[in-house]
Amino acid sequence: MQNLTPRQQAIFDFIRETIDGASMPPSLQEIQAHFGFASHNAVVKHLQALVTKGAIKLQAGKARGITLLQESGLAVIGRVAAGSPILAQENIETRVKFDANYFHPHADFLLRVKGMSMRDIGVIDGDLVAVHKTSDARNGQVVVARIGEEVTLKRYTRQGEKVRLMPENQDFAPIEVDPRSADFSIEGLFVGLIRQA
């Protein structure tokens, strides 16, 4: 699949989310209403661009005839380049055939774990953790956080302006971050684990 523009990616994500939530793709009218397009033609034009880039297939004559082509499994991310979207095509190692809806909320990608800092909750080196893409987290949730060029899986705690990323292994020290001065972001929530034999 060729790289999508931000608008094309948003439409693709909306189609996927609608399929995840309603078990069927959105209609053209639903896409038009969601994105505030002035006409049906604008929707068709964007869908044709997604077809050209290999992201979807359209079935003629069907009101909800959109099939996702990219979703041939969950993407496994081996590394994340600083400043790049976590699902950038060049960061995808492979795909694992697994139903994203097995997890709640659904998984958007898998991240390969390096190290043993989360051992005490059963996450060990080499595991694939399922991640729901979001920038929001509550205290106590396990998150994928990016600090500069490093990505880490830790338990999130916010105290005032400071963030503490807590390991689940006493051999490791917490990471303290001040988001006001550090290049810090939450990339997603840990929602499950796949251990490959």
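On a predicted model such as this, the values are computed, not experimentally measured, just so you know. Position numbers for residues start from 1 in each chain and track the written sequence from start to end. Per-residue local features of the predicted model are confined to residues with pLDDT of at least 70, and side-chain atom pairs are confined, for both listing and counting, to 80 or more; whole-chain, interface and lining totals are unaffected and use all residues. Processing note: side-chain calculations cover all non-hydrogen atoms of the structure and skip hydrogens and water entirely.

(A) Expanded view of the overall build of the protein chain. Think of it this way: any DSSP run of H or I at least four residues long counts as a helix, any run of E at least two long counts as a strand, and we number them from the N terminus. For the protein chain, the count of helices and strands is 3 helices and 11 strands. Written out in order from the N terminus, the α and β elements of the protein chain read α-α-α-β-β-β-β-β-β-β-β-β-β-β. Put simply, the protein chain has 197 residues, and 42% of those count as buried. Considering only intrachain contacts with a sequence separation of at least 6, the fraction spanning at least 24 residues in the protein chain is 51%. Residue exposure ignores everything except the shown protein chains as possible cover, and the areas themselves are Shrake-Rupley values with a 1.4 Å probe. Looking at the protein chain as shown, the accessible area adds up to about 10,700 Å², and 49% of this sits on carbon and sulfur atoms. For the exposure calls, accessible area comes from a 1.4 Å probe over protein chains only, and a residue counts as buried if that area is under 20% of its type's maximum, exposed if over 50%, partly exposed in between. The contact rule is simple, with two residues in contact once any of their heavy atoms fall within 4.5 Å.

(B) View of the pattern of salt bridges. Criterion for a salt bridge: a side-chain nitrogen of Lys or Arg within 4 Å of a carboxyl oxygen of Asp or Glu. Taken as a whole and assessed by the stated rule, the structure comprises 11 salt bridges. Here E176 and R164 are joined by a salt bridge, their closest N and O atoms 2.4 Å apart. Of this pair, E176 sits in strand 10 (residues 175-177) while R164 sits in strand 9 (residues 162-166); the two residues are 12 residues apart in sequence, bridging distant segments of the chain. Of the residues examined, R164 reaches a relative accessible area of 22% and is grouped as partly exposed. Here the salt bridges do not stand alone but share partners, grouping D13, R16 and D108 into one network.

(C) Main features of unusual backbone geometry. Cis rather than trans, the peptide bond between H104 and P105 has omega equal to -5°. With respect to the secondary-structure elements, P105 resides in the loop between strand 4 (92-96) and strand 5 (109-112).

(D) Spotlight on helix 1 (residues 6-22). Taking 1.5 Å of rise per residue, the 17 residues of helix 1 would be expected to cover 24 Å, and the 24 Å separating its terminal C-alpha atoms lies within 8% of that figure. Buried residues in helix 1 make contact with helix 2 (28-35), helix 3 (40-52), strand 1 (56-58) and strand 2 (66-68). Note on helix 1: the residue one or two positions beyond its end, S23, has a positive phi of about 60°. A helix is expected to span 1.5 Å for every residue after the first.

(E) View of helix 2. Among the residues of helix 2, those classed as buried are I31, Q32 and F35. For helix 2, the angular spread of buried residues about the axis comes to 100°, placing them on one side. A positive backbone phi angle near 70° is found at G36, which sits one or two residues after helix 2. Of all possible arcs, the one meant is that of the directions from the helix axis to the C-beta atoms.

(F) Geometry of the packing of aromatic side chains. Note on aromatic pairs: the rings of Phe, Tyr and Trp (six-membered ring only in Trp) are paired at centre separations within 6.5 Å, and the planes decide the class, stacked below 30 degrees, edge-to-face beyond 60, tilted for the rest. If you walk through the whole model with that rule in mind, you get 3 aromatic pairs. Relative to F35, the ring of F14 lies with its centre 5.7 Å away and its plane at 85°, an arrangement referred to as edge-to-face. Pair noted here: F14 is in helix 1 and F35 is in helix 2, with a separation of 21 residues, a long-range link. Owing to a relative accessible area of 12%, F14 belongs among the buried residues under this scheme. Measuring from ring centre to ring centre gives 5.8 Å for F35 and F37, while their planes differ by 25°; the resulting arrangement is stacked. F37 shares its class with F35; the two are buried. Through pairs of rings, three or more aromatic residues link up here, namely F14, F35 and F37.

Nothing here speaks to function; it is all geometry.
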